[in-house]
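Chain by chain, the residues:
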Amino acid sequence: MREKRSRSLSLEKASSRSSSSSLAGEDDEPHAVGSSTTTTHPSPAVGRKQLKTEPAAAAKGTPRALTAADLTALQHRLEALEPPGAHSATAGDAEREALHDFVSALLTQWPRSGALLTERIVKHVLLRVRPVLLSQPMLVPVAAPVNVCGDIHGQITDLIEIFKAGGIPPLTATAGASYLFLGDYVDRGKYGSEVFIILATLKVLFPTRMYILRGNHETDTICRVYGFFDEVKRRFSVKLFKTFTDVFNTLPVCALIEDIALCMHGGLSPELRQLRQIEAIPRPLVVQDTGLACDLLWSDPEEHTRGWQPSERGVSFTFGEDIVERMCQQLGIDIVLRAHQVIDNGYSFFAKRKLVTIFSASNYCGEFTNSGAMMVMDERCKCSFQIFKPQYE
């Protein structure tokens, strides 16, 4: 039984510099990667106390550029790692150091560091992260401070901007902000493998500070339609794609920040009555076309409607403001944080600010002019939004 925290959440009026965009559905066109620049928007304060909002602090320091010899030496260290097995259930110090150098190189030396992503190291990380994910519940508890991010869809440049803003945890870190990603790491973009492996490696290194939820695209059937299957087949092998999907089937579907913010990729479900229902969803999970898990990954809020309505996606439902207000009261939460929809400004409010949509892939599909966003929540549950504006060639 979870211990109920005494915190509650209230949202103040947003700064005039940040607007609340209408929700828009995803586009199914191929995804082109766009680069971004970052700005900061003050956001509503979170928590019972009326707190003054502040900008999100950017990470400091410029990493040393790795030489070709450095990258070659790192690749040799990675290739020499012992394959995970019963006799090496957890990563040792030397392996942790190599994995940290690996993920740091991908984030700070891209695209030069792309050659580090070999089939052997990808498989190694996937085999390491699967038991870590299964060791944590389907509704994973998360403590503040935390940075909350939405869809990435293979846009590694946006992931790099996120960690430039929030920082890469040092290997010896015992404090600082956690990260919570709300799913949809793959498909449409060119670099789904890099995006997911970076996050999976950080999950191995920091299991209680890095949280990765499942999106509707972390599913075998969806990946075969929207590009990730072809990416893995072309770059690695069909066998490795099966290893990816085995890990996808173990990802948690929801998180609960400080017992007051329920987080998922999609949205609410007409089947959801109690949070313990989420905890009871079994894993490994093959997502069906209907049911609680399906709705948590696929449903959407809909303006100017009430109740539950069929979704134009052909899967799950849309829901009105009345549903959000009723379910927040029923579940004992203050707010719902979700992703799943392109937002012009990177984030949007709904239902009197009881629901926030966060989308982190800027210049989505190379066609949208949207910004990306990251919600930054401090230890007092005070929030700000880091905005990643698209840059065009």
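Residues numbered from 1 in each chain as written. Predicted model: local features only at pLDDT ≥ 70, side-chain atom pairs only at ≥ 80, totals over all residues. Heavy atoms only, no water.

- The chain is annotated in an unreviewed UniProt entry as Serine/threonine-protein phosphatase of Strigomonas culicis.
- Entered under Sequence similarities (unreviewed entry) in the UniProt record, the comment concerning the chain runs "Belongs to the PPP phosphatase family."
- The UniProt entry for the chain carries the following comment under Cofactor (unreviewed entry): "Mn(2+)". (UniProt positions renumbered as here; feature names shortened; annotations may be inferred.)

### Remarks on the sheet that holds strand β8 (residues 300-301)
Part 1 of the argument: As summarised here, the arrangement of the three strands in space is β8-β10-β9, forming an open sheet in which the pairing is mixed. Pairing within the sheet leaves two strands with one partner each, and these edge strands are β8 and β9 (308-310).
Part 2 of the argument: Summarising the sheet, β8 and strand β10 (residues 317-319) pair through two bridges and their orientation is parallel. By the bridge assignment, D300 is partnered in β10 with T318. (Pairing = 2+ DSSP bridges. Helix = DSSP H or I, 4+ residues; strand = E, 2+ residues; numbered from the N terminus.)

### Digging into the confidence of the model for the chain
Part 1 of the argument: Taken as a whole, the chain shows an average pLDDT of 86; of its residues, 82% reach a score of 70 or greater.
Part 2 of the argument: In this model, residues 10-38 is a region of pLDDT below 50 whose contacts with residues beyond four sequence positions or in other chains number 111 contacts.
Part 3 of the argument: Every residue in residues 42-60 scores below 50 in pLDDT, and together they form 62 contacts with partners more than four places removed in sequence or on other chains. (pLDDT = per-residue confidence, 0-100. Contact = heavy atoms within 4.5 Å.)

### Structural notes on the side chain of D151
Part 1 of the argument: Relative to the elements of secondary structure, D151 occurs in the loop between β3 (146-149) and α4 (156-166).
Part 2 of the argument: Of the side chains with opposite charge, R188 lies nearest to the buried D151, which makes no salt bridge, at 6.3 Å.
Part 3 of the argument: One polar contact links D151 to H153, side chain to side chain, over a distance of 3.3 Å. (Buried < 20%, exposed > 50% of the residue type's maximum accessible area, 1.4 Å probe, protein only. Lys, Arg positive; Asp, Glu negative; His and termini not counted. Salt bridge = Lys/Arg side-chain N within 4 Å of Asp/Glu carboxyl O. Polar contact = N/O pair within 3.5 Å; in protein donor to acceptor, adjacent residues only side chain to side chain.)

### Thoughts on the pairing of strand β11 (residues 335-338)
Part 1 of the argument: Neither face of β11 is open: one carries I335 and L337, the other V336 and R338, and all of them are buried.
Part 2 of the argument: Summarising the sheet, strand β7 (residues 261-264) and β11 pair through three bridges and their orientation is parallel. Looking across to β11, one finds that L262 is bridged to V336.
Part 3 of the argument: Note that β11 and strand β13 (residues 355-358) share three bridges and pair parallel. Each bridged residue has a counterpart across the sheet, and for V336 the counterpart in β13 is L355.

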